[in-house]
Amino acid sequence: MSQNHTKPSNSFASKPSPLCTFLFIIILCILGFYTVHYPPRNPKNALLFQQIFLSSATNYTISSYLRSLTSHPHLAGTKPSLETTRYVETHFQNLGLETQTVPFRTLLSYPVHASVSMHFNNGTVLDLPLNEMGASSYASSGVIQPYHAYSPSGTAQSKVVFVNYGSEDDYRVLGLMGINVSGCIVIVKKGGSLSRGALVEIAEKKGVLGVLMYAEGDVSRGSFGFGVERGTVMKGIGDPLSPGWAGVEDGERLELEDNKVLDRFPRIPSLPLSFESAQLILESLGGPLAPQEWSNSGRSKLSRVGPGQVMVNFTYQGEKKLATIHNVFAVIRGLEEPDRYVLLGNHRDAWTYGAVDPNSGTAALLDIARRYALLMRKGWNPRRTIILCSWDAEEFGMIGSTEWVEQNLVNLGAKAVAYLNVDCAVQGPGFFAGATPQLDNLIFEVTKKVKDPDSEVATIYDKWETMNGISNIERLSGVDSDFAPFLQHAGIPSVDVYYGRDFPVYHTAFDSFNWMIKYADPFFWRHVAVAGVWGLLGLHLADDPVLPLNYVSYAEQLQEHKDALSSFLDARISLTPLATSIQELASAAKQANDEAKTLMKQKFTDELLALKMRALNDRLMLAERGFLDMDGIKGREWFKHLIYGPRSYPESKLGFFPGISDAISESMQKRQRDDQAAIQHEIWRVARAIQRAAASLKGELA
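The paragraphs below set out a description of the structure included in this document.

As a packed pair, helix 4 (residues 59-69) and helix 5 (residues 79-94) sit with axes 10 Å apart at the nearest point and diverge in direction by 150°. One element, helix 4, and the other, helix 5, form an angle in the roughly antiparallel class. For the pair helix 4 and helix 5, contact is made by Ser64, Tyr65, Ser68 and Leu69 and by Thr84, Tyr87, Val88 and His91, respectively. When the residues that make up the contact of helix 4 with helix 5 are grouped by side-chain class, the tally is 4 nonpolar, 4 polar and no charged.

Here is the structure:
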């Protein structure tokens, strides 16, 4: 058998050129550098860093942070608030963290003068105390007198009617009793489902001249009876002068008299009262006997609903002015994916001392920063970038966080993995969590790793499950903390965690360090627990190769929402579009879960695997954006999320699908055929939103 012998070509036989050799050596050096400095992540290392994070907690450290934060009042826009800003900023800097402070110029509201007096038939006048008896002197302590931010200045003098919780149903009950509140002052017991602003808005529509509010509190937990609950009555969130864009120093601002601005504020004055001052008014009321369910609820000694013979005069004078607020950030850059952001946020400003609201959360955030810095000294760096956020002016209407989200909307939409919020970290006993459903499983997993602060051996998950039967996670439809702009405007998966359902010194001068150690968390173990859950959530979202976002849970939750919705509709309304879209999401979610399992089984990482993980993670991250609709919720167009967001009719039983909820409420009021079409249209809008989320999760074009 013959063989052909060919001469090797010179191109292979010749020696490589010096340039090729040099380039080859450079490539080897680069590969070696990345192998040494950025080795493939070992799951055992991730577990080790989680254990170090948990074991490095100290209750003393968190308590020392809280003591410093609450050493003086720090209402947003005031000089004392700058000291708190610098404290947080310095803390981050001293840990060696990259620190940034971002200012905004926004419209805030402050009191100038207020008075309430009772005028009796015999000519006697009783001036009611508005300041909190038992608290230190306002002048010496720097505490701002009780007021409602953005209330208009004004004077009202009239007879008083008690309207219970101030809901539409409560006014209907009074109407059936023959009581017309038009031209009266009303006194409202705070504690129902309505916000302060909604209470004043309803009263204004009834022809009321002014509103007085009080909270009953809980004497057993130190409400003292004289605490006065401050708060805002502005509609919506964010700076009213820059709706939809950031209130930067030299940016566009609407005029104060612009109708868009005026629509954000009530047109009748309101004031908060202490329980003791409110009781004096309630005891003076005449008129019909109060319904039994009104008189038997709570501590109020109520006999009649009014009006009586006693006239009440109240005056409020306030000022609205531009003030500079400051958001403070600590940034820990990710190594592999620095352009993916995991955000942990808490607001820093307080109506008074803010031991519970919000600085129990601030203290926990500062301790997480300390522990993350410790991990970095031990060799840890996150895969993705972590941003610790300290917001300003939340109490006025989530202003600091909203302005920043509006300023960074495009980048956040493209790069934000999740936003993890803690407001009041510790209010009392019992763990609570709210979240978008794709984060449910991660919350369960993390709470199984953190010791329950109120038991010897149980985890938070164990105690949580015992309390609720099943571990119950609430949904984030409310507009009551800084998760609102992230989820409801930007479509970013969000979490909100805290200990304790409520607390009696809410927004009063008694929300102090002393109250915390006496009633809420004497040894600060609940603070440690919240920081543990919060920080571990951040570690998982920043470090897990595949993002722990499970949309199967989301599809299951949407199915439950659809089933609940069906009980509010008649046979003329079709839920088929909703059912079909939920099935599409469930199918896409299962495919994503299967893909994640397949990728995680592969033991060796290479460039192709990294690209596949990156592509899957992007789909998991962006799917939540599918629930946004550019037209927003009718009447509240700034809110874009069609699954979770605020309702126009707070008395609705639906805590989801806000557009559908509003259409149903309007239909019940008008009872017109056209409103059935409006409901069907809103169902189609939600169905299309779910289809967008499913398509995003699949990552394929239709």
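Anyway, onward from the coordinates.
Quick look at the packing of aromatic side chains now. Tallied over the full model, the rule gives 29 aromatic pairs. Aromatic side chains Tyr419 and Phe486 sit 4.0 Å apart centroid to centroid with 5° between the ring planes, which places their arrangement in the stacked category. With Tyr419 in strand 12 (residues 416-421) and Phe486 in helix 17 (residues 483-489), the pair connects residues that are 67 residues apart, well separated along the chain. The interplanar angle of 90° and the centroid separation of 5.7 Å between the aromatic rings of Phe503 and Tyr506 together place this pair among those described as edge-to-face.

Okay, unusual backbone geometry next. Cis geometry is found at the peptide bond from Gly306 to Pro307, where omega equals -5°. A cis geometry characterises the amide bond from Asp357 onward to Pro358, with omega recorded as 10°. Its place among the elements puts Pro358 in the loop between strand 10 (337-347) and helix 12 (359-377). In this structure, Met398 is a non-glycine residue whose phi angle is positive, near 50°. On the basis of relative accessibility, which here comes to 5%, the residue Met398 falls in the buried class.

With that out of the way, let us pick up empty space enclosed by the protein. Think of a ball as big as a water molecule: rolled over the atoms, this probe shows where empty space is left. A complete count under the given rule lists 4 cavities of 30 Å³ or more for this structure. Looking at the largest cavity, the residues that line it are His148, Lys190, Arg196, Met213, Tyr214, Ala215, Val228, Glu229, Pro272 and Leu273. Mapped by element, the contributors of at least two residues to the lining of the largest cavity are strand 6 (210-215) and strand 8 (270-273). When grouped by side-chain class, the residues that make up the lining of the largest cavity number 6 nonpolar, 1 polar and 3 charged.

This next bit is on the side chain of His72. Tracing the backbone shows His72 in the loop between helix 4 and helix 5. Judged by its relative accessible area of 18%, His72 is buried. At 3.3 Å, the side chain of His72 and the side chain of Glu83 are in polar contact.

What follows covers a nonpolar patch on the surface. On the surface, a cluster of nonpolar side chains totalling about 220 Å² of accessible area is made up of Phe120, Leu126 and Leu280. Following the sequence through the fold, Phe120 ends up in the loop between strand 1 (98-119) and strand 2 (125-127).

Attention now moves to the pairing of strand 12. In terms of burial, strand 12 is a largely internal element, 6 of the 6 residues being buried. Alignment of strand 10 against strand 12, held across 5 bridges, turns out to be parallel. The residue of strand 12 that forms the bridge with Val342 is Ala418. Bridging between strand 12 and strand 14 (residues 494-499) involves 3 bridges; their strand directions are parallel. Across the sheet, the residue bridging to Tyr419 is Ser494, located in strand 14.

Counting residues in hydrophobic clusters, the biggest one holds 208 residues, and the most contacted among them are Tyr372 and Phe396. Top contributing element to this core by residue count: helix 19 (residues 525-543), with 11 residues.

Take the packing of helix 20 (residues 551-566) against helix 21 (residues 576-601) next. Where helix 20 meets helix 21, the closest approach of the two axes is 8 Å, and the angle between their N-to-C directions is 165°. Considering the angle they form, helix 20 stands roughly antiparallel to helix 21. Read as a crossing pair, helix 20 and helix 21 show a hand that is left-handed. Facing Tyr551, Val552, Ala555, Leu558, Gln559, Lys562 and Leu565 of helix 20, the residues of helix 21 in contact are Leu578, Ala579, Ile582, Leu585, Ala586, Ala589, Lys590 and Asn593.

Next up on the list: the environment of Ile387. With respect to the helices, strands and loops of the structure, Ile387 is situated in strand 11 (residues 384-391). When the C-alpha positions of Ile387 and Gly538 are compared, they lie 9.6 Å apart, and in sequence the two are 151 residues distant. Excluding anything up to four places from it in sequence, Ile387 contacts Phe329, Ala330, Val331, Tyr341, Val342, Leu343 and Leu344.

The rules behind the values
Throughout this description, residue numbers start from 1 for each chain and increase along the sequence as written. Whole-chain, interface and lining totals are the exception, using all residues; otherwise, since this is a predicted model, local features are given only for residues with pLDDT of at least 70 and side-chain atom pairs are given and counted only at 80 or more. Excluded from the side-chain calculations are hydrogens and water; all other atoms, namely the structure's heavy atoms, are used. Axes here refer to lines fitted to C-alpha atoms; in helices the fit is confined to the stretch in contact. Angles between the N-to-C directions go from 0 to 180 degrees. Think of it this way: any DSSP run of H or I at least four residues long counts as a helix, any run of E at least two long counts as a strand, and we number them from the N terminus. By definition in this entry, angles of less than 35 degrees are roughly parallel, angles greater than 145 are roughly antiparallel, angles of 65 to 115 are roughly perpendicular, and the rest are oblique. Contacts are assigned to residue pairs that have any heavy atoms within 4.5 Å of one another. The nonpolar class holds Ala, Val, Leu, Ile, Met, Phe, Trp, Tyr, Cys and Pro. Asp, Glu, Lys and Arg form the charged class, and all remaining residues, Gly among them, are polar. Stacked, edge-to-face and tilted labels apply to pairs of Phe, Tyr and Trp rings (six-membered ring for Trp) whose centres lie within 6.5 Å, assigned for plane angles under 30 degrees, over 60, and everything in between, in that order. Each residue is placed in one exposure class: buried if its accessible area under a 1.4 Å probe, protein chains only, is under 20% of its type's maximum, exposed if it is over 50%, and partly exposed if it falls in between. In the cavity and pocket records, a cavity denotes points on a 1 Å grid over the protein atoms alone where a 1.4 Å probe fits but cannot get out, a pocket denotes an open set with protein on both sides within 12 Å along at least 5 of 7 lines, and lining residues are residues with an atom within 4 Å of a point. Grid points are joined across faces, edges and corners, and a volume is the space filled by probe spheres set on the points. Residues adjacent in sequence count toward polar contacts only when both atoms are side-chain atoms; beyond that, a polar contact is any pair of N or O atoms within 3.5 Å, and within protein one must be able to donate a hydrogen and the other to accept it. Each patch is assembled from residues with relative accessible area greater than 30% and no salt bridge, linking like charges that lie within 9 Å and nonpolar side chains (Val, Leu, Ile, Met, Phe, Trp, Tyr) that lie within 5 Å. Per-residue and other accessible areas were derived by the Shrake-Rupley procedure at a 1.4 Å probe size, with only the shown protein chains allowed to occlude residues. Salt bridges are identified by distance alone: a Lys or Arg side-chain nitrogen within 4 Å of an Asp or Glu carboxyl oxygen. When DSSP finds at least two bridges between two strands, those strands are taken to pair. Side-chain atoms within 4.5 Å are what join buried Ala, Val, Leu, Ile, Met, Phe, Trp, Tyr and Cys residues into a set we call a nonpolar core. The hand of a helix crossing depends on one turn: near helix anticlockwise from the far one by less than a right angle means left-handed, and clockwise means right-handed.

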